[in-house]
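# Overview (structure and organization)
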Amino acid sequence: MQKDVADVVIAGGGVIGCAIAYFLSTEGMKVVVVEQDSIGSHASGFAPGSLNPLRLPLETMDIMLPLSWRSFQMHKVLSQELKEETGIDYHFCPSARVILAFTETEAEELKLLADSQQKQGFEVYWLDRDAVLDMESRISSEVIGAVCSEDGAELESYQYVLALAQAAEKYGTEIRHGQINGLKRNGTRVTAIQLPSGDIACERTILAMGPWTGLASSWLSFSVPVKPQKGQVLRMQVSGLPFPYTLYWANHYITQTRHDGLIYTGTTHEDVGFDDQPTEEGRDSIINGLLTMMPSLEKAELVLQTACLRPLPADGLPILGEVPDWSGVYLATGHWTKGILLSPITARIITDLILKGCTSIPIEPFTPARFTSNENWRLVSHMD
């Protein structure tokens, strides 16, 4: 009987797992992706697909900005590569980002943010109230001003994940349906991943199961500090001219997709465990935010309400790299709301670590080993 063997087994068929599979398979690695449900069936497939490399929590801005910006640049190249590889057009399109302020405090914070990013060479600028309303008359007249950046893009998230998966399969990746029960090891080295259907022998395993990655803690004897956080999104039909930008205010956003013309608006940040059901409370909260930004959308028609679970890391930073006290087991999780944006750079990092044992991309702030120190890491304030 032939033994089931792979060079790398990836646990998780979301955007992170599929991106890593694509990058590894183009390097000639024999990759198996194991997904319990279906490709892109959770947060990856329901995300609005709005790429904003400059909109980051203030607490993690300095650490995350280089990673975020580099990944955004990779998206521009990847969108052409994947279309050529698969024929799938996931509607990658550059668009402006506009962050609104409705109070003097919000305005001062945004001006400081713009000033800081301008000093780093980014094209970010402040618009006063009149300039905002000249740009878009549908924005509430209560607005004080806004920060605007041209460095952003939109894509259709499910089609993006599908393109990654199909391109990976083209290079030999095998995608399987199954539930992983655990890992086998010889000393510190992983030797196989366990499925009900049988083991897959491998020397390297990547755990990219989003908010479910924390469930692997019992396999690893290492506490993976990731928990689920629910986010709800509304898709709405609106009349009038299209939106050539994405609007933000506080936790809310409005973005319009190119493929179906619907606007996506959200979101919520709910710590409710693995409950992924949409709620009336979530809907009402999102609509209140929508109407604060654009009261004229009160007659917009609700087409679909979705909810999904994001992987919320304990300190607000992605978790990327080899698991302490294991050889050949890697974590790629904790991207919170930035999984789509950070998928190319994550795939590059993990591929480098597997093929070369190192990466030129600075990853010290993101390694799992940071959670083995005696320092007290905490949930950053925007996640409390």
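Residues numbered from 1 in each chain as written. Predicted model: local features only at pLDDT ≥ 70, side-chain atom pairs only at ≥ 80, totals over all residues. Heavy atoms only, no water.

### Concerning the overall build of the protein chain
The number of helices and strands found in the protein chain is nine helices and 20 strands. The C-alpha radius of gyration of the protein chain comes to 21 Å, within 12% of the 21 Å expected for a compact globule of 384 residues. When the backbone C-alpha atoms are referred to their principal axes, the protein chain occupies close to 70 × 45 × 40 Å. For the protein chain, with 384 residues in total, the buried portion stands at 57%. Considering only residue pairs separated by 6 or more positions, the protein chain has 73% of its internal contacts joining residues 24 or more positions apart. Summed over its atoms, the accessible surface of the protein chain is roughly 16,400 Å², and 49% of this surface lies on carbon and sulfur atoms. (Helix = DSSP H or I, 4+ residues; strand = E, 2+ residues; numbered from the N terminus. Rg over C-alpha atoms; globule rule 2.2 N^0.38 Å. Buried < 20%, exposed > 50% of the residue type's maximum accessible area, 1.4 Å probe, protein only. Contact = heavy atoms within 4.5 Å. Areas by Shrake-Rupley, 256 points an atom, 1.4 Å probe, with all protein chains shown as cover.)

### Details of the sheet that holds strand β8 (residues 153-154)
Sheet strands pair via backbone hydrogen bonds, and the direction of the pair is either parallel or antiparallel. Pairing within the open sheet is antiparallel, and its three strands lie in the order β3-β8-β4. Each edge of the sheet is formed by a strand with only one pairing partner; in this case those strands are β3 (50-51) and β4 (93-94). Where β3 and β8 come together, two bridges link them in antiparallel fashion. When the sheet's bridge partners are listed, L51 is paired in β8 with A153. (Pairing = 2+ DSSP bridges.)

### What about the side chain of S71?
Summarising the element assignment, S71 is placed in helix α3 (residues 61-86). Residue S71 is classed as buried on the basis of its relative accessible area of 0%. Excluding residues that lie within four positions of it along the chain, S71 makes contacts with L341, L342, S343, P344 and I345.

### Notes on the sheet that holds strand β16 (residues 252-256)
Strand order in this open sheet of eight strands is β6-β7-β5-β15-β16-β17-β14-β18, and the pairing throughout is mixed. In this open sheet, the two strands that pair with only one neighbour each are β6 (124-128) and β18 (301-313). Averaged over all neighbouring strand pairs, the angle between strand axes comes to 20 degrees, with direction disregarded. Relative to β6, helix α4 (residues 104-119) is tilted by about 150 degrees, and along the sheet it contacts β5 (96-101), β6, β7 (145-149) and β15 (245-249). Against the sheet, helix α8 (residues 280-293) makes contact with β5, β14 (226-237), β15, β16, β17 (263-266) and β18, and its axis sits at roughly 60 degrees relative to β14, the strand it touches most. (Axes fitted to C-alpha atoms, helices over the stretch in contact; angles between N-to-C directions.)

### Points about helix α9 (residues 339-356)
Taking 1.5 Å of rise per residue, the 18 residues of α9 would be expected to cover 26 Å, and the 24 Å separating its terminal C-alpha atoms lies within 8% of that figure. Taken as a whole, α9 carries its principal kink of about 35 degrees at I345. In terms of burial, α9 is largely enclosed, as 15 of its 18 residues are buried. The first or second residue beyond α9 is G357, which carries a positive phi of 80 degrees. (Expected span 1.5 Å × (residues − 1). Bend = angle between axes of the 7 residues up to and from the residue.)

### Brief notes about the pairing of strand β1 (residues 8-11)
Covered by surrounding structure in β1 are V8 and I10 together with V9 and A11, the residues of both alternating faces. With four bridges connecting them, β1 and strand β2 (residues 31-35) associate as parallel partners. Residue pairing in the sheet places V9 in a bridge with V32 of β2. Chirality of the crossover, the property in question, places the unit of β1, helix α1 (residues 15-26) and β2 among those that are right-handed. (Right-handed = clockwise from strand over helix to strand, strands pointing away.)

### Observations regarding the environment of P318
Tracing the chain through its elements places P318 in the loop between β18 and β19 (319-322). P318 sits 201 residues away from Q117 along the chain, and the two C-alpha atoms are 22 Å apart.

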